[in-house]
Amino acid sequence: MDPEILEEFEQRTGITVKQTYFESDAHRDELLIETGGRGFDVALIDGTSIRILAKRGWLEPIDETDIPNLKHINPRWRAIHEEAEVYSVPYFWGTLGIAYRQDLVPFPVSSWMDLLRPAEVLQGRVAMIGSSRALIGVALKALGYSLNSTDAQELKEAEALLQAQAPAVKTYKYVSLDENSALVNGQVAMSMMYNGDAMMVQEQHDKIAFVLPDEGGSIWVDYLSILSASTEKAAAKQFIDFLNEPEVAARLAQFVYYATPNLAAEALLSTEFKSDPVIYASEEALKKSETYHRLPARGQKSRAAIFSRLVN
């Protein structure tokens, strides 16, 4: 979040925004479970979690009378996940791919297999994301399967690929994006990373590059939702509406290097920004990529077991 935008909101409304950070969607859910959602007003929710959190009664329904600037949002991103139109406002969208140090990786990176079957030079210098959906999803994509697969044999192959890669993995924690990042200091040469994050860390080292592998990756959409337990629902709606004023949304997109779902904001962005394939993946690349779908209970259990065997 651009601190100047938060300051502008506070000056305009007198409302102070306090932020709580979390490392992963699972960590966010832990924070909400610990508190029952109390003490928080707005939460950043990944698309696949909206239905689950809404079913628990934690999310407040949202419509255009609450957030007039919803009229600017591309319907594609509002409706791409279950219940998203009812309980949330799209914030940003993008892809999951590979960030790597061009000076430390002596070959062009183009496939998930470059990460999952790492060359000798990468042993102990690979970073993965500690999320079962992301981790198993990229292994499935590398093997030519859907990242939403529930096929037992396909999952078995994905696990074997990840287990074979494990000795080369330095960490299953998401690398930081500041000057102390393992990608910046060279402890990590290649990592799973979200596209805009790669551009942020690139500011710290110009040899960091990002690629959406040839097999495609995952398309993610993050949403802003208002928690049912919030005692400041009116202020929360005001804040989300402010973030979707076209000029504000355009500034925010440029700050975080992510594609905005706000069509009016998009119109204010430079051609250079919108034509950057790291920020706005081509339609061809998006066709090869997938969003996460809801998995049946058995599929979730299988993945949890694979993840536990791999990471614990």
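Calculation rules
Residues numbered from 1 in each chain as written. Predicted model: local features only at pLDDT ≥ 70, side-chain atom pairs only at ≥ 80, totals over all residues. Heavy atoms only, no water. Helix = DSSP H or I, 4+ residues; strand = E, 2+ residues; numbered from the N terminus. Rg over C-alpha atoms; globule rule 2.2 N^0.38 Å. Buried < 20%, exposed > 50% of the residue type's maximum accessible area, 1.4 Å probe, protein only. Contact = heavy atoms within 4.5 Å. Areas by Shrake-Rupley, 256 points an atom, 1.4 Å probe, with all protein chains shown as cover. Lys, Arg positive; Asp, Glu negative; His and termini not counted. Charge placed at Lys NZ, Arg CZ, Asp CG, Glu CD. Phe/Tyr/Trp six-rings, centres within 6.5 Å; stacked < 30°, edge-to-face > 60°.

Colleague: Describe the overall build of the chain, listing the residues and the values that go with them.
Modeller: What the chain contains, in helices and strands, is 16 helices and seven strands. Taking 312 residues into account, the globule formula puts the C-alpha radius of gyration at 20 Å, and the chain, at 19 Å, falls close to it. C-alpha extents for the chain along the principal axes are approximately 55 × 45 × 35 Å. Within the chain, buried positions represent 50% of all 312 residues. Here the analysis covers contacts within the chain between residues at least 6 apart in sequence; of these, 71% occur between residues at least 24 apart. Accessible area for the chain stands at about 14,500 Å²; split by element, carbon and sulfur atoms hold 49% of it. Of the charged side chains in the chain, 30 are positive and 44 negative; the average position of the first set lies 7 Å away from that of the second.

Colleague: With reference to specific residues and values, describe the packing of aromatic side chains.
Modeller: Aromatic ring pairs are described here by two measures, namely the spacing of the ring centres and the angle between the planes. Using the criterion set out here, one finds 10 aromatic pairs in the structure. With a centroid separation of 6.1 Å and an interplanar angle of 80°, the aromatic rings of Tyr194 and Trp220 are classed as edge-to-face. On the criterion of sequence distance, the pair formed by Tyr194 in strand E5 (residues 190–194) and Trp220 in strand E7 (residues 218–226) is long-range, its members being 26 residues apart. We classify Tyr194 as partly exposed; its relative accessible area is 25%. A relative accessible area of 11% places Trp220 in the buried class. Both rings, one in Phe273 and one in Tyr280, keep their centres 6.3 Å apart while their planes meet at 75°; by these two values the pair is edge-to-face. Each member of the pair Phe273 and Tyr280 is classed as buried.

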